[in-house]
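# Tertiary structure, described
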Amino acid sequence: MIRHDGRRPAARKSSLDGLYWEDRPHPARPGHSHSLRAGTESEVYDDGTNTFFWRAHTLTVLFILTCSLGYVTLLEETPQDTTYNAKRGIVASILVFLCFGVTQAKDGPFSRPHPAYWRFWLCVSVVYELFLIFILFQTVHDGRQFMKFIDPKLGVPLPERDYGGNCLIYDPGNQTDPFHNLWDKMDGFVPAHFLGWYIKTLVIRDWWMCMMISVMFEFLEYSLEHQLPNFSECWWDHWIMDVLVCNGMGIYCGMMTLKWLSMKPYQWQGLWNIPTYRGKMKRIAFQFTPYSWVKFEWKPASNLRRWLAVCGIIFVFLLAELNTFYLKFVLWMPPEHYLVLLRLVFFVNVGGVAMREIYDFMDDSQIHKKLGQQAWMVAAITVTEFLIVAKYDPHTLTLPLPFYVAQCWILGIVIVLIWTAWRFFIRDITLRYKEIRRQKQEYKNEEEEKQRNGEAMSERNASKQKKL
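Values in this document were obtained by computation on a predicted structure and should not be read as measured data.

### Examining the overall build of the protein
When its secondary structure is counted, the protein shows 15 helices and 2 strands. Looking at the 468 residues of the protein, the share that counts as buried comes to 39%. Put simply, 75% of the contacts in the protein that link residues at least 6 apart link residues at least 24 apart. Total accessible area computed for the protein in this model is approximately 27600 Å², and 68% of it derives from carbon and sulfur atoms.

### Side note on the environment of T66
With respect to the helices and strands, the residue T66 is situated in helix α2 (residues 58-74). Given the relative accessible area of 47%, T66 is considered partly exposed. Each C-alpha atom, one on T66 and one on V96, is 10.0 Å from the other, the two residues being 30 residues apart in sequence. Reaching out from T66, the side chain makes a polar contact with the backbone oxygen of L62 at a distance of 2.7 Å.

### Let's talk about the packing of helix α7 (residues 189-204) against helix α12 (residues 338-363)
Where α7 contacts α12, the two axes come as close as 8 Å, and the packing angle between them is 25°. Relative to α12, the element α7 lies roughly parallel. Where α7 crosses over α12, the handedness of that crossing is right-handed. The residues of α12 that touch α7, namely those facing I199, V203 and I204, are V348, G351, G352 and M355.

### Some remarks on the confidence of the model for the protein
Across the protein, the average pLDDT comes to 83, with 85% of residues at 70 or higher. Put simply, helix α1 (residues 10-13) is where the protein has its lowest mean pLDDT, 38, and helix α13 (residues 373-392) is where it has its highest, 96.

### Describing a nonpolar patch on the surface
A cluster of nonpolar side chains, F194, L195, W235, I240, L244, V245, M249, Y252 and M256, forms an exposed patch at the surface whose accessible area comes to about 870 Å². Secondary-structure elements contributing two or more residues to the nonpolar patch are α7 and α9 (235-263). The biggest single contributor to the nonpolar patch is α9, with 7 residues. Among the structural elements, W235 can be located in helix α9.

### A short note on the pattern of salt bridges
Counted by the stated rule, this structure contains 9 salt bridges. Between D363 and R306 there is a salt bridge, and its shortest N-O distance comes to 3.2 Å. Of this pair, D363 sits in helix α12 while R306 is found in helix α11 (residues 304-330), placing the two residues 57 residues apart along the sequence. When its relative accessible area of 12% is taken as the criterion, D363 is described as buried. Taken together, the salt bridges that share partners define one network made up of E435, R438 and E442.

The rules behind these values
- Residues numbered from 1 in each chain as written.
- Predicted model: local features only at pLDDT ≥ 70, side-chain atom pairs only at ≥ 80, totals over all residues.
- Heavy atoms only, no water.
- Helix = DSSP H or I, 4+ residues; strand = E, 2+ residues; numbered from the N terminus.
- Buried < 20%, exposed > 50% of the residue type's maximum accessible area, 1.4 Å probe, protein only.
- Contact = heavy atoms within 4.5 Å.
- Areas by Shrake-Rupley, 256 points an atom, 1.4 Å probe, with all protein chains shown as cover.
- Polar contact = N/O pair within 3.5 Å; in protein donor to acceptor, adjacent residues only side chain to side chain.
- Axes fitted to C-alpha atoms, helices over the stretch in contact; angles between N-to-C directions.
- Parallel < 35°, antiparallel > 145°, perpendicular 65-115°, else oblique.
- Left-handed = near helix turned anticlockwise from the far one by under 90°.
- pLDDT = per-residue confidence, 0-100.
- Patch = residues over 30% accessible without salt bridge, like charges linked within 9 Å, V, L, I, M, F, W, Y side chains within 5 Å.
- Salt bridge = Lys/Arg side-chain N within 4 Å of Asp/Glu carboxyl O.

See below:
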């Protein structure tokens, strides 16, 4: 368990430390049991050293911000370019909001490498959601042309690349390079897929859920290739390159990392309490590793609430994945544009916090009585992105599914509904009925046994009276 002493500030006691996967067990509360997590929490030993690095710097940030604004106002001449002034004013407003949020926002569940880092990404998520709301309230033409305000190269329709075509792994017709189809797929997205699923595994912390999301997304690509051309891929690109090689290896490496994190000791010393330079460098490197560890046990089949929660997590996860492709399609952004990469970096940083908050809310509702702030923002962002797609290109989004695809999805949904009804309703009713029958039979057997014992006792008493 965690050893606290008087030197640790209250702000650090209330925060959980971690970069993605890092957790701290909940502080004990009177009358609250932690038996549900007794086998999943790691022990942490900390000497409680409080350094300058961990202290609040609200006045320092306010002083620097005031000096910067004063310099721009009093000493810098305002340019006459209206567009430049508008851009600089928007950027300055965002920076002021970020400074306020980083110093004053409520801490989330993580605080490694520093609590301010996670408060920064919470504020970025608010800014991104406000930007999406602004885009949502524009006309389709104005919204697409507004992207030129960010980058003049945007606002131009771009053709989507078709990944289908010739699906022969070995093309005998090409004498120069018969494996050209295979090499064409070896682009920058291959390591991106691997790294993406490695990080997703660290976020979700469950092999079953990761594989379900990975396989289901490939089925979604099959189902929606008539809407987005870049969903059209060869069969071996779907199941070998993506599921087995990139996604599978990423999930495997992620699970090995999670296993190591669950087994390593968590003992922390202040930097100046470590005598050797090698130890100090090692301590600095470990600042970017988990403070402690909590293993996620989703247990989707344990009860109906957890099952619906896990299904909802998978649904939102898949919707966020689809939004990546549909947003750049409706806003005319090329896949290699830096805005697409920034969005992925954003979700990498906020996804781990959101998933931890969802797990806490689902697993320990007595302490976490409401959904966490970052999870709330991620859910709102995902829904807003989908609404932008629905508004900007309803024709593409409403293209009917091919008949055989629709049949497959209907069959899959029916199977899930039947299993849900059987697992959480019919099975429980059957088990309850069997238990009632067993109890009635036991009661009946006890009554018959009592009756037989009574009759035997009566016969013995009667025989005794006859002998007398």
